[in-house]
Amino acid sequence: MPDRIIKDGAVVDDSWQVIRELEGDLPAGKIIVPAQHWLENKDALQARGDVAVWLASDQSPKLLGDDIKSFELIAVDFPAFADGRGFSYGRELRERGFSGELRAIGGFMRDQLAYLTRCGFNSFALENADLDKAVASLKDFSVHYQVSIDNPQPIFRARQG
Amino acid sequence: MYIYDQFDRQIINERVAQFRDQTERYLAGEITDEQFLPLRLQNGLYIQRLAPMLRICIPYGTLNATQLRKLAEISRKYDKGYAHFSTRQNIQLNWPKLEEVPDILADLATVEMHANQTSGNCIRNFTADQFSGVAQDEVEDARPWCEILRQWSTFHPEFAFLPRKFKIAICGSKRDRAAVAFHDIGLEIIKDAQGETAFKVFVGGGLGRTPVIGSLIHDSLPKEHVISYLDAILRVYNQLGRRDNKYKARIKILVKAMGAEAFKQKVEEEWQAIKDGPMTLTQDAIDHAFSFFQPPAYEQVDAAGAQSALDDKRLAEPRFAAWLSHNVVAHKQPGYAAVNVSLKETGVAPGDITAEQMEAVADLAEEFGFGELRSTHEQNLVLPDVRKSDLFALWQKLDALRLASPVIGTLNDMICCPGGDYCALANAKSIPVAEAIQRRFDDLDYLYDLGEIELNISGCMNACGHHHIGHIGILGVDKKGQEFYQVSLGGSQSNDAAIGKILGPSFAQDEVPEVISKLLETYVANRTEEERFLDTYRRIGIEPFKERVYA
Ligand code: SF4
């Protein structure tokens, strides 16, 4: 877990810890646990506090039901940058009313930041990259043809406006 | 045709800048090969057997003279002075340098062209009937719909990393010239009971390793919902399509596995959430798109007079007569015709065109029309609006350019992928096979007597040459390291869509012309007066052909 991430367009320090292997006790501090673990241990985790969840690439946000609104942060894992399911999950989480921090984790790459942003992600635990340079890729495009989370009006409506 | 406004221009310029930066970072070692792969593919750049290949988009096969001249210039400046039209109406450069590709894209952008999403696991260029807007059997022009959907699909943030490539075709005529049943999504424009434009939606068709005819999942989609409905289909596919095996990743496999009905249900669920939202097309938006595709300023001509002058010329010049019968297509507008510019001259790779020819054809498009052209999936060009009274003059010029081979729709108008001469994936060469067949059947009278035959050649299972849907299909296969060819019969890409059946064991390259000859003899011996090759095959089945070939 990098201790610096890109969030809301800037490089910032970060204290969330992604829990990928569930062995032994959970560490202290802010943790991001697997969605399945959340579903199975909801009460205990709620009592503990400082808990977020992450969705694996084969886990639709539907799995979390209405719980999504209770999280401060939800992460979506990209096992490889070519696995584009997370783009749909991000968009769906936002459409279903999640307004907290939506974080991409795992193997995505810098050159996906612009599209991820458009799908509703606002924080990026980008690995193996120079974050200070990578923020530039958030702004690859300033005009968009189609509806997306950051662009509620498609261009054909803008043209008429 | 469509003309960019400030939004389109800004988007395309930002794209060029993005790829320039990506290429620089790649060359500086800041992006790995693996990461660069989807980035370059989505900008049209392949790394081929001999050199990179750049596939430039011709949106739904429409281009203008200025663009064609620019392509000629680019092919000279950055390549070897020629280019190749693909079976998806795009144009390919075979020898560009990787580090120069950003410059090529910048040059293309000056004439409102690009190479966006011509490759990679994203939504590809939309294909349409090359006679859209001029066809006599048209229900509605497909081009405005292609443009509306081009904008929807261009840099769609959610669908740039799909399980696999995604191809969409739209057909606006009664006769399907866009092969809608063989695309990931096929849209057929219809008029509903109220006379309103609607779409039949086919999903999960395709060629490649597992050829499948698409399933109809909506029989009358109201036009204003076309974007949200396609978005819903892609949402389902992006989440549920297989990603563990690239040979099972196309949407056709998902539709088959779920069943078309269950797939449709899933799409409906996704669709309900977005159906009446901002993706709903407004009448203004539709009108705006159509405003770019209004009929040009046709002259009122003396159609009967033009026709009788043409008939006189026809009698006087038999070569012109042959061209007129085969390469010229009827037009909506009285006194006009659409003309196929044949890229099937024997001895030239099907679909190839030189820079000089491009410039000459660009001039012809202005002299004999309104400066517009079309590219076809049969790898030819079309001049869509030629006055009948100009046909003879046009023919003379095309003939001098070696672009008037009067073989459209015949055996020698074959579709042929680049194959082993260029393509890294090939099992076998395809261009020499095409040429050997063209040389063998160089007697025009025999070709004409054989009538309409679609012969399609692919160098491997990826089926870029659409071999499954040729009346006769030829597929390059690898047999213990040797190049062999499998022959199939009975495919069709039209309204009577069908996938060809394999004839039997494959053949060596030098046997292929003889095999084709025997197939044709079998047809001639069995046909009734009205029957095309395909009709005879359907009536008598594959056995008589088999017996003759393997006797
Ligand atoms: S069919 Fe195969 S050989 Fe031919 S162009 Fe496609 S991938 Fe290459």
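Here the structure is a predicted model, which is why all the values come from computation and not from measurement.

Novice: Explain the overall build of chain B to me, please; I cannot follow it from the model alone.
Specialist: Along its length, chain B carries 18 helices and 21 strands. Here the C-alpha radius of gyration of chain B, 23 Å, is about what a compact globule of 551 residues would show, namely 24 Å. Seen through its principal axes, chain B has C-alpha atoms that stretch 60 × 60 × 55 Å. Residues classed as buried in chain B amount to 62% of the 551 residues present. Counting contacts in chain B only where the partners sit at least 6 residues apart, residues at least 24 apart contribute 68% of the total. Counting every atom, chain B has about 20,100 Å² of accessible surface; 50% of that belongs to carbon and sulfur. Across chain B, the centroid of the 61 positively charged side chains sits 5 Å from that of the 77 negatively charged ones.

Novice: Explain the packing of aromatic side chains to me, please; I cannot follow it from the model alone.
Specialist: Each aromatic ring pair is described using two quantities: the centre-to-centre distance and the angle formed by the ring planes. All names here are of chain B. In total, this model carries 28 aromatic pairs over all chains according to the counting rule given. Centroid distance Phe19 to Phe36: 6.0 Å. Interplanar angle 10°. Geometry classified as stacked. Linking Phe19 in helix α1 (residues 6-27) with Phe36 in helix α2 (residues 33-41), this pair joins segments that are 17 residues apart in sequence. Take Phe19 and Phe36: they sit in the same class, and that class is buried. Measuring from centroid to centroid gives 4.7 Å for Tyr298 and Tyr336, while their planes differ by 65°, and the two rings are edge-to-face. Of the two residues, Tyr298 is situated in the loop between α9 (283-291) and α10 (303-316) and Tyr336 in strand β12 (residues 336-341); the sequence distance between them amounts to 38 residues. According to the relative accessible area criterion, Tyr298 is buried, its value standing at 16%.

Novice: I keep staring at the sheet that holds strand β3 (residues 62-64) of chain B and nothing clicks. Help me out?
Specialist: Sheet strands pair by backbone hydrogen bonding; their relative direction is either parallel or antiparallel. All names here are of chain B. Taken together, the 5 strands give an open sheet; going across it, the order is β3-β14-β15-β12-β11, and neighbouring strands pair in antiparallel fashion. Two strands lie at the open edges of the sheet, namely β3 and β11 (328-330), each paired on one side alone. When strand polarity is set aside, the average angle formed by the axes of neighbouring strands in this sheet is 35°. Looking at chain direction, strand β14 (residues 372-375) and strand β15 (residues 381-387) are connected through 2 bridges and run antiparallel. Opposite Arg374, over in β15, you have Val382 as the bridge partner.

Novice: Just to check I follow, could you spell out unusual backbone geometry for this structure?
Specialist: Keep in mind that most residues, glycine aside, have a negative phi and that most peptide bonds are trans. If you check the backbone angles, B:Gln117 has positive phi at about 55° while not being a glycine. Even without glycine at this site, B:Ala179 takes up a positive phi of about 55°.

Novice: Would you mind showing me how to read empty space enclosed by the protein here?
Specialist: Rolled over the atoms, a probe with the dimensions of a water molecule shows which regions are left empty. Counting across every chain of the model gives 7 cavities of 30 Å³ or more. Each pocket or cavity is described by its volume, and for the largest cavity that value is around 220 Å³. Along its surface, the largest cavity is lined by 21 residues, and A:Ile155, A:Phe156, B:Ile148, B:Gln151 and B:Leu281 are the ones closest to its centre. Where the lining of the largest cavity is concerned, the elements lending two or more residues are α6 (155-160) of chain A together with α5 (143-153), α6 (226-240) and α9 of chain B. Residues belonging to the lining of the largest cavity are distributed by class as follows: 13 nonpolar, 5 polar and 3 charged. In this structure, the second largest cavity occupies an estimated 140 Å³ of space. As for the second largest cavity, its lining consists of 13 residues, of which A:Asp111, A:Tyr115, B:Arg15, B:Leu39 and B:Gln42 are closest to the centre. Among the secondary structure elements, those contributing two or more residues to the lining of the second largest cavity are α4 (113-118) of chain A together with α1 and α2 of chain B.

Novice: So what exactly am I meant to see when it comes to the site of the ligand here?
Specialist: Near the ligand the following residues occur: B:Cys417, B:Pro418, B:Gly419, B:Cys423, B:Leu425, B:Ala426, B:Ser458, B:Gly459, B:Cys460, B:Asn462, B:Ala463 and B:Cys464. Among the residues forming the shell around the ligand, the class breakdown is 8 nonpolar, 4 polar and no charged.

Novice: Help me understand the UniProt feature "domain: Nitrite/sulphite reductase 4Fe-4S" (unreviewed entry) in chain B in this model?
Specialist: Residue and element names in this part refer to chain B. With numbering matched to this structure, UniProt assigns "domain: Nitrite/sulphite reductase 4Fe-4S" (unreviewed entry) to residues 119-272 and 414-549. This span, residues 119-272, is 31% helix and 18% strand, and a straight line between its end C-alpha atoms measures 31 Å. Span residues 414-549 is 35% helix and 19% strand, its end C-alpha atoms 21 Å apart.

Novice: Even after reading the chapter, I still don't get the domain arrangement of chain B, so can you show me in this structure?
Specialist: All names here are of chain B. Here the domain parsing of chain B yields domain 1 (6-109), domain 2 (134-290), domain 3 (303-400) and domain 4 (415-550). Once you take the C-alpha centre of each, domain 1 and domain 2 turn out to be 26 Å apart. Taken together, the contact between domain 1 and domain 2 spans 9 residues of the former and 11 residues of the latter. Carbon and sulfur atoms supply 63% of the area buried between domain 1 and domain 2, which totals about 820 Å² over both sides.

Novice: Looking at this model, I keep getting lost on the interface of chain A and chain B. Mind explaining?
Specialist: Interface extent is often summarised as the accessible area lost during association of the parts. Counting from both sides, the interface comprises 38 residues of chain A and, opposite them, 46 residues of chain B. Carbon and sulfur atoms supply 55% of the area buried between chain A and chain B, which totals about 3,600 Å² over both sides. Of all residues in chain A, A:Tyr115, A:Tyr145 and A:Arg159 bury the most surface against chain B, accounting for 20% of the area lost on that side. Counting the contacts that link chain A with chain B gives 8 salt bridges.

Novice: Please clarify how the sheet that holds strand β5 (residues 91-93) of chain B should be interpreted in this entry.
Specialist: Residue and element names in this part refer to chain B. Pairing in this open sheet of 5 strands is antiparallel, and the strands run β1-β2-β5-β4-β13 from one edge to the other. Across the chains shown, the open sheet's two edge strands, defined by having one partner strand only, are β1 (45-47) and β13 (352-354). If you compare each strand with its neighbour and ignore which way they point, the axes differ by 30° on average. Examined bridge by bridge, strand β4 (residues 82-85) and β13 share 3 bridges and lie antiparallel to one another. For Tyr82, the partnering residue across the bridge sits in β13 and is Thr354.

Rules used throughout
- Residues numbered from 1 in each chain as written.
- Chains lettered and ligands numbered in written order.
- Predicted model: local features only at pLDDT ≥ 70, side-chain atom pairs only at ≥ 80, totals over all residues.
- Heavy atoms only, no water.
- Helix = DSSP H or I, 4+ residues; strand = E, 2+ residues; numbered from the N terminus.
- Rg over C-alpha atoms; globule rule 2.2 N^0.38 Å.
- Buried < 20%, exposed > 50% of the residue type's maximum accessible area, 1.4 Å probe, protein only.
- Contact = heavy atoms within 4.5 Å.
- Areas by Shrake-Rupley, 256 points an atom, 1.4 Å probe, with all protein chains shown as cover.
- Lys, Arg positive; Asp, Glu negative; His and termini not counted.
- Charge placed at Lys NZ, Arg CZ, Asp CG, Glu CD.
- Phe/Tyr/Trp six-rings, centres within 6.5 Å; stacked < 30°, edge-to-face > 60°.
- Pairing = 2+ DSSP bridges.
- Axes fitted to C-alpha atoms, helices over the stretch in contact; angles between N-to-C directions.
- 1 Å grid on protein atoms, 1.4 Å probe; cavity = no way out; pocket = protein on both sides within 12 Å on 5 of 7 lines; lining within 4 Å.
- Points joined across faces, edges and corners; volume = space filled by probe spheres on them.
- Nonpolar A, V, L, I, M, F, W, Y, C, P; charged D, E, K, R; others polar.
- Near = heavy atom within 4 Å.
- UniProt positions renumbered as here; feature names shortened; annotations may be inferred.
- Domains from an automatic or database assignment.
- Buried area = accessible area lost by both parts, 1.4 Å probe.
- Salt bridge = Lys/Arg side-chain N within 4 Å of Asp/Glu carboxyl O.

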